[in-house]
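A closer look at the structure
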Amino acid sequence: MSIPFTTTVRGVDVPTIGYGTWEVTGDDAVEGVADALAAGYRHIDTAAAYGNEAEVGRGIARSGVSRDDFWLTTKVWQEDYAPDALRSSTERSLTSLGVEHIDLLLLHWPVGGDAAMIDALGALRDLRSAGTIRELGVCNTPASMLGRLVDAVPELFADQVEYHAHLGQDPLLAEARKREVMVTAYSPLANGKGLIDAEPLREVAAQRDATPAQVVIAWLARQQGVSVLPRSTNPDRRRENLAALEVDLTTDDVAALDALSLTGKRYIDPPFAPDWTD
Ligand code: A2P
């Protein structure tokens, strides 16, 4: 069964595979975004902290793709969670990106405790009511904390986390499905750190006439309520990653990747990261 082009959560259709732009800067960001849209990506992910929103905006403009035809996510950095600072950050993002609205605005890390997060989510909810953003959410938020935040702010729509075949996310997925929250997988290729050379990926890839990167992306993209953000500075690999939507995995393939994901290797774990077991 092929993977749907969009993942649908609460009746909202989000293109399943998005183009991630972390650590992509300068001309690489401009050209990467323009080329990703030309290649058929309809979902672009950036963040204030990536320092590339202006370049992402230039790439969008260069592509000629209409604003209504793609999904755009950006993020607020943790120093800007106080409501006034959050509104200013959003204005800067809109100006840099050259757009009038953002589809999904996320809090980049869960810092400051539940109360500070709930205040910031409240400010996002006001931006949603004003039509500046369509949906709101968090990143890097473990299962129990996600449940508490959704209890306080039911509009919370998405949680973007590190998720790949070296790092399963079963408790988070269970909570997210119960709450109808989209889970977005960042670093789906484990940040280029050896996952795609692992067996059994190469074996599955050879059997499905696909590449190991496509197998990992397909394993994520086939999951209900999950969207995926591979990034590549290489035009051919960008197209290869989007074409993962056409890879059909068997039940045995999925079981092999499920087993591999028990490896539990987390590659993005800064000092301000939350207690991942929360
Ligand atoms: P490059 O930009 O040279 O293509 P992640 O999305 O998990 O953060 O991984 C990004 C890393 O994976 C980058 O180093 C990128 O390198 C590499 N990459 C992206 N797509 C592919 C692919 N299809 N095959 C191999 N490596 C890839």
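Presented here is a report on the structure given in the accompanying data block. Here, residues in each chain are numbered from 1, in the same order as that chain's written sequence. The predicted nature of this model means local features are confined to residues of pLDDT at least 70 and side-chain atom pairs, given and counted, to a pLDDT of 80 or more, with totals for whole chains, interfaces and linings taken over all residues. Side-chain metrics in this entry use all non-hydrogen atoms of the structure; hydrogen atoms and water are not considered.

For every residue, the accessible area (1.4 Å probe, protein chains only) is compared with the maximum for its type, and the residue is labelled buried under 20%, exposed over 50%, or partly exposed between those bounds. A helix here means a DSSP run of H or I that spans at least four residues, while a strand means a run of E at least two residues long, and both kinds are numbered starting from the N terminus. Within helix H9 (residues 235-242) the residues assigned to the buried category are Arg-238, Asn-241 and Leu-242. Considered in projection along H9, the buried side chains sweep an arc of 95° and stay on one side of the axis. Whenever two N or O atoms come within 3.5 Å, that pair is a polar contact, provided that in protein one can donate a hydrogen and the other can accept it, and provided that, for residues adjacent in sequence, both atoms are side-chain atoms. Its side-chain oxygen at 2.8 Å from the backbone nitrogen of Asp-236, Asn-234 defines the N-terminal cap of H9. Taking the helix axis as origin, the arc is that swept by the directions to the C-beta atoms.

Of all six residues in strand S6 (residues 102-107), six are buried; the element is thus mostly enclosed. At least two DSSP bridges between two strands are needed for those strands to be called paired. Inspection of the sheet shows strand S5 (residues 71-76) paired to S6 by four bridges, in the parallel sense. Across the sheet, Thr-74 pairs through a bridge with Leu-105, a residue of S6. We call a crossover right-handed when, viewed with the strands running away from us, the connection from the first strand over the helix to the second turns clockwise. As for the winding sense of the linkage, the β-α-β connection from S5 through helix H3 (residues 83-97) to S6 is right-handed. For S6 and strand S7 (residues 133-139), the ladder comprises five bridges, and the chain directions are parallel. Residue pairing for S7: Leu-104 is matched across the bridge by Glu-135. Crossover S6 to S7 through helix H4 (residues 113-129) is right-handed.

A separate point is the layout of surface pockets. The pocket and cavity definitions rest on a 1 Å grid over protein atoms only: a 1.4 Å probe that fits but cannot leave marks a cavity, an open set with protein on both sides within 12 Å along at least five of seven lines marks a pocket, and residues lining either have an atom within 4 Å of a point. Grid points are joined across faces, edges and corners, and a volume is the space filled by probe spheres set on the points. Reported here for the largest pocket is a volume of approximately 570 Å³. Taken together, 34 residues line the largest pocket, and the ones lying closest to its centre are Trp-22, Ser-187, Asn-191, Leu-229 and Arg-231. Those elements giving two or more residues to the lining of the largest pocket turn out to be helix H8 (212-221) and H9. In terms of residue count, H9 provides more of the lining of the largest pocket than any other element does, three residues in total. Any residue outside Ala, Val, Leu, Ile, Met, Phe, Trp, Tyr, Cys, Pro, Asp, Glu, Lys and Arg is labelled polar, Gly included; the first ten of those are nonpolar and the last four are charged. Looking at the lining of the largest pocket, its residues break down into 17 nonpolar, 12 polar and five charged. Of the pockets and cavities examined, the second largest pocket occupies roughly 230 Å³. Along its surface, the second largest pocket is lined by 16 residues, and Pro-142, Gln-169, Leu-172, Arg-266 and Trp-276 are the ones closest to its centre. The set of elements that each furnish at least two residues to the lining of the second largest pocket consists of strand S8 (156-162) and helix H6 (170-179). If you tally residues by element for the lining of the second largest pocket, the top one is H6, at three residues. Here the lining of the second largest pocket is built from residues that sort into seven nonpolar, five polar and four charged.

Note that all results are geometric; they support no functional claim without further evidence.
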